[in-house]
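Remarks on the overall topology
These are the residues of each chain, in order.
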Amino acid sequence: MRIVQMSDIHVGSGLFRPELLEAAVRETNELRPDLVAVAGDLTMEGYRWEFEEARRHLDRLECPHVVVVMGNHDAKSVGYRHFEDIFGSRTRSLVVPSPQGEAKVVAIDSTKPDLDEGEVGREYYAWIDSEFRGWDRGPKILVVHHHILAVPGTGRDVNILRDAGDVMAMLRELKVDMVLSGHRHVPYVWSISGVRVIHSGTVSSLRVRGTMPPSYNLIELDAETVRITLREPGKEGEMPLASFSRRPVTTSRFYVEMERFVRYEEMPF
């Protein structure tokens, strides 16, 4: 399976560079991925014209499966109204065919209006559980804007998911294969008990940190391995970010029942 992961487009920013996004879209089409995951911050201020411009660019993607989630900048100015009009539901699940079977992809809106930090929220835990539990036809993938684990090289970290501990415990319990997120503009990968948390940098903005360039990720997985590489829009070549065994090699065991920490039974909607 081949996945292109990009985020933090930031249409409307003075540092947005449309030529970078155009290059990333063109290169993505050449890669012919099974899934494109756009992990939020399409806009700078959540204005409708910003969403419309982002949509015009993303409509050029030829991949039949494109998943887009909201970011904290998209939640400004009551931007969720425009997101829903232009991109559809802010939270959804889908099945993506791949050479190795079918992937279950769950996309979550972790934003709160006008706040930089985010939260999945207890009301969604049972739904996430119902989507992932028992899935055995391929990888389990969560797409969410906010980072669950702190990202190095990003300064003081105050914008993480407020319920990161509960969410991470749930994802480990459900044996989710990977979490695709953005938000911090720095590409990085964590592997915690088999959950691969993969962050993408800003794909088309010069709102970068330190020496990290604008970039997006290419994720390739087969029956044996997972490989993640960083690509710079408009430039040839790629840089390896991480590689893993498809099945985590670990002797770790956790004996305390998760219900002692995180409990959810009925969906309140």
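A few points on the structure. (Residues numbered from 1 in each chain as written. Predicted model: local features only at pLDDT ≥ 70, side-chain atom pairs only at ≥ 80, totals over all residues. Heavy atoms only, no water.)

Turning to the overall build of the chain, a few remarks are in order. Tallying secondary structure elements over the chain gives five helices and 12 strands in all. Taking 2.2 N^0.38 as the reference for a compact globule, 269 residues should give roughly 18 Å; the C-alpha atoms of the chain span a radius of gyration of 17 Å, in line with that estimate. Along the first, second and third principal axes, the C-alpha atoms of the chain reach 50 × 40 × 35 Å. Within the chain, the fraction of its 269 residues that count as buried is 55%. (Helix = DSSP H or I, 4+ residues; strand = E, 2+ residues; numbered from the N terminus. Rg over C-alpha atoms; globule rule 2.2 N^0.38 Å. Buried < 20%, exposed > 50% of the residue type's maximum accessible area, 1.4 Å probe, protein only.)

With that settled, the discussion passes to the environment of Arg253. Structurally, Arg253 is set in the segment after strand E12 (239–245). For Arg253, a relative accessible area of 56% corresponds to the exposed category. Here the alpha-carbon distance between Arg253 and Ser193, two residues 60 residues apart in the chain, equals 9.2 Å.

This brings us to the pattern of salt bridges. Enumeration according to the criterion identifies 16 salt bridges in this entry. One salt bridge in this structure joins Asp177 and Arg246, with 2.8 Å as the shortest N-O distance. In this pair, Asp177 sits in the loop between helix H5 (164–173) and strand E7 (178–181) while Arg246 sits in the segment after E12, placing the two residues 69 residues apart along the sequence. Among the residues examined, Arg246 registers a relative accessible area of 17% and is labelled buried. The structure contains a network of salt bridges with shared partners spanning Arg48, Glu52 and Asp85. (Salt bridge = Lys/Arg side-chain N within 4 Å of Asp/Glu carboxyl O.)

Now for the environment of Asp136. Among the structural elements, Asp136 can be located in the loop between helix H4 (125–132) and strand E6 (140–144). Between the alpha carbons of Asp136 and Val186 there is a distance of 32 Å; along the sequence they are 50 residues apart.

So, about unusual backbone geometry. Even without glycine at this site, Arg32 takes up a positive phi of about 55°. As for its placement among the helices and strands, Arg32 is situated in the loop between helix H1 (18–31) and strand E2 (35–38). A relative accessible area of 68% places Arg32 in the exposed class.

Spatial strand order, E4-E5-E6-E7-E9-E8: six strands in an open sheet with mixed pairing. In the strand order of this sheet, the two ends are held by strand E4 (92–98) and strand E8 (188–192), each with one partner. Neighbour to neighbour, the strand axes of the sheet diverge by 20° on average, direction disregarded. Where strand E5 (residues 101–108) meets E6, five bridges bridge the pair, whose relative direction is parallel. If you follow Ile108 over to E6, its bridge partner there is Val144. The strands touched by H5 within the sheet are E6, E7, E8 and strand E9 (195–199), with E9 carrying the most contacts at an inclination of about 130°. (Pairing = 2+ DSSP bridges. Axes fitted to C-alpha atoms, helices over the stretch in contact; angles between N-to-C directions. Contact = heavy atoms within 4.5 Å.)

Before going further, it helps to spend a moment on a nonpolar patch on the surface. A cluster of nonpolar side chains, namely Tyr188, Trp190 and Ile192, defines an oily patch on the protein surface of about 230 Å² accessible area. Looking at where Ile192 falls in the secondary structure, it is placed in strand E8. (Patch = residues over 30% accessible without salt bridge, like charges linked within 9 Å, V, L, I, M, F, W, Y side chains within 5 Å. Areas by Shrake-Rupley, 256 points an atom, 1.4 Å probe, with all protein chains shown as cover.)

Summed over all chains, the structure comprises four aromatic pairs. Ring geometry for Phe51 against Phe83: centres 6.3 Å apart, planes inclined by 80°, an arrangement best described as edge-to-face. Pair noted here: Phe51 is in helix H2 (residues 48–58) and Phe83 is in helix H3 (residues 80–87), with a separation of 32 residues, a long-range link. There is no split in this pair, since Phe51 and Phe83 are both buried. Ring geometry for Tyr125 and Tyr264: centres 6.1 Å apart, planes at 70°, overall edge-to-face. Note that Tyr125 is positioned in helix H4 and Tyr264 in the segment after E12, a separation of 139 residues in sequence. (Phe/Tyr/Trp six-rings, centres within 6.5 Å; stacked < 30°, edge-to-face > 60°.)

Attention now moves to the pairing of E5. Most of E5 is tucked away: six of the eight residues are buried. By the bridge criterion, seven bridges tie E4 to E5 in an arrangement that is antiparallel. If you follow Arg92 over to E5, its bridge partner there is Ala107. Here E4 hands over to E5 after two residues, the two strands then running antiparallel side by side.

Moving on to H2. Listing the buried residues of H2 in full gives Glu50, Phe51, Glu53, Ala54, His57 and Leu58. Looking down the long axis of H2, one finds its buried residues gathered within 165° of arc, a one-sided arrangement. Along its buried surface, H2 packs onto H1, E2, strand E3 (66–68) and H3. (Arc of directions from axis to C-beta.)

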